[in-house]
Amino acid sequence: MYEDLDHRYRQWRAADEDGRDEDADAAFGVVFGAVPEPAVSQAFTAATMARIADVAVREARAAKQRRRAVLAGGFAAAVVSVYFGAGLLVSGLSAIFGKLFDVFVALTVRTADGVQAGAGAWNVLASLGRALGAFVADPAVTFGLIAIQGVAIAALVTLQRLLGSEEDSFK
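Residues numbered from 1 in each chain as written. Predicted model: local features only at pLDDT ≥ 70, side-chain atom pairs only at ≥ 80, totals over all residues. Heavy atoms only, no water.

Colleague: Run through the overall build of the chain, naming residues and quoting values.
Modeller: Of regular secondary structure, the chain possesses five helices and zero strands. Taken from the N to the C terminus, the helices and strands of the chain come in the order α-α-α-α-α. Within the span of the chain, comprising 171 residues, buried residues form 9% of the whole. By element, 67% of the accessible surface of the chain is carried by carbon and sulfur atoms, the whole surface being about 14300 Å². (Helix = DSSP H or I, 4+ residues; strand = E, 2+ residues; numbered from the N terminus. Buried < 20%, exposed > 50% of the residue type's maximum accessible area, 1.4 Å probe, protein only. Areas by Shrake-Rupley, 256 points an atom, 1.4 Å probe, with all protein chains shown as cover.)

Dropping the structure here:
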C-alpha cells in the first residue's frame, strides 16, 4: 500500500513541477484520499466532553457571580448618586417651580391689565408670547434643555449597544 502511495506522491510532485495542474490536482486527491484518518477513541471523547461540561458549569457560575457584582455595584452607585444628587435635584426643581410661578403670575397680571385697558386678543397673546420668550431665554432653562438632550443621546447610544444592532440588519 505504501509503495503505491509513494508512487502516487511522486506522480503528484512531477505533475506539479511540470505545470500540469489538472493531473497534479487528481494525483493530490488520490494521495491524500488514501491516507486513513485515525479513529478517536471513545474514552478520549468521553473525557473531552466531561471537561467541556465542567468548564461550562464553571463559566456559568462565574457569569452569575459577575452579574451579581455588577448589580450590587450599580445599586450602590445609584444610592450614592441619589444621595448626593438629591440636593441638586431639589434645588433645580424649586428653581424651575419658582420661575414657572413667576411666569404664571406675570401672565395673570398682564392678562388682567390687558382686559382692563381694553386691549384686544392679539395684544394679550403678544404679551403672553413675550413672557414665554423671557422664560425660555433664561440661561438656566437653556442649559437644562441641553443637559436633557445630552442624557437622551447617551441613552440612545447605550440602548443601541445593548441591543447590538448590526449594519447588515438594515440592508
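Colleague: Report on the pattern of salt bridges, specifying residues and quantitative values.
Modeller: As enumerated under the stated definition, the model contains one salt bridge in all. Across the salt bridge formed by R20 and D18, the nearest N and O atoms sit 3.6 Å from each other. Judged by its relative accessible area of 38%, R20 is partly exposed. By relative accessible area, which is 56% here, D18 ends up exposed. (Salt bridge = Lys/Arg side-chain N within 4 Å of Asp/Glu carboxyl O.)

Colleague: Got a sec to walk through a negative patch on the surface? Specific residues and values, please.
Modeller: On the surface, D16, D21, E22 and D25 cluster together to form a negatively charged patch. A total of three residues in the negative patch trace back to one element, the largest contributor, which is helix α2 (residues 21-33). Note on placement: E22 falls in helix α2. Among the residues examined, E22 registers a relative accessible area of 71% and is labelled exposed. (Patch = residues over 30% accessible without salt bridge, like charges linked within 9 Å, V, L, I, M, F, W, Y side chains within 5 Å. Lys, Arg positive; Asp, Glu negative; His and termini not counted. Charge placed at Lys NZ, Arg CZ, Asp CG, Glu CD.)

Colleague: If you had to explain a nonpolar patch on the surface to someone new, which residues and values would you point to?
Modeller: Taken together, L89, L93, I96, L100 and F104 make up a surface patch of nonpolar side chains, about 480 Å² in accessible area. Looking at the element boundaries, L100 is found in helix α3 (residues 42-116). Among the residues examined, L100 registers a relative accessible area of 32% and is labelled partly exposed.

Colleague: How would you summarise the packing of aromatic side chains if you had to cite specific residues and measurements?
Modeller: Taken as a whole and assessed by the stated rule, the structure comprises two aromatic pairs. Both rings, one in Y83 and one in F84, keep their centres 5.0 Å apart while their planes meet at 80 degrees; by these two values the pair is edge-to-face. For the pair formed by Y83 and F84, the shared burial category is exposed. With centroids separated by 6.4 Å and ring planes inclined at 25 degrees, the aromatic side chains of F97 and F101 adopt a geometry described as stacked. Of this pair, F97 and F101 are both found in helix α3, four residues apart, which corresponds to roughly one turn of the helix. In terms of burial, F97 and F101 fall into one category: exposed. (Phe/Tyr/Trp six-rings, centres within 6.5 Å; stacked < 30°, edge-to-face > 60°.)

Colleague: Tell me what's going on with helix α5 (residues 139-163), and back it up with residues and numbers.
Modeller: In this model, α5 (25 residues) spans 36 Å end to end at C-alpha, consistent with the 36 Å of a helix rising 1.5 Å per residue. One or two positions beyond α5, positive phi appears at G164, with a value near 65 degrees. (Expected span 1.5 Å × (residues − 1).)

Colleague: Give a description of the environment of W12 that names residues and reports values.
Modeller: Tracing the sequence through the fold places W12 in helix α1 (residues 2-18). The class of W12 is buried, set by a relative accessible area of 17%. When the C-alpha atoms of W12 and D25 are compared, they prove to be 7.5 Å apart, with 13 residues separating the residues in sequence. Filtering out sequence-adjacent residues up to four positions away, W12 remains in contact with A24, A27, F28 and F32. (Contact = heavy atoms within 4.5 Å.)

Geometric values such as these leave the question of function open.
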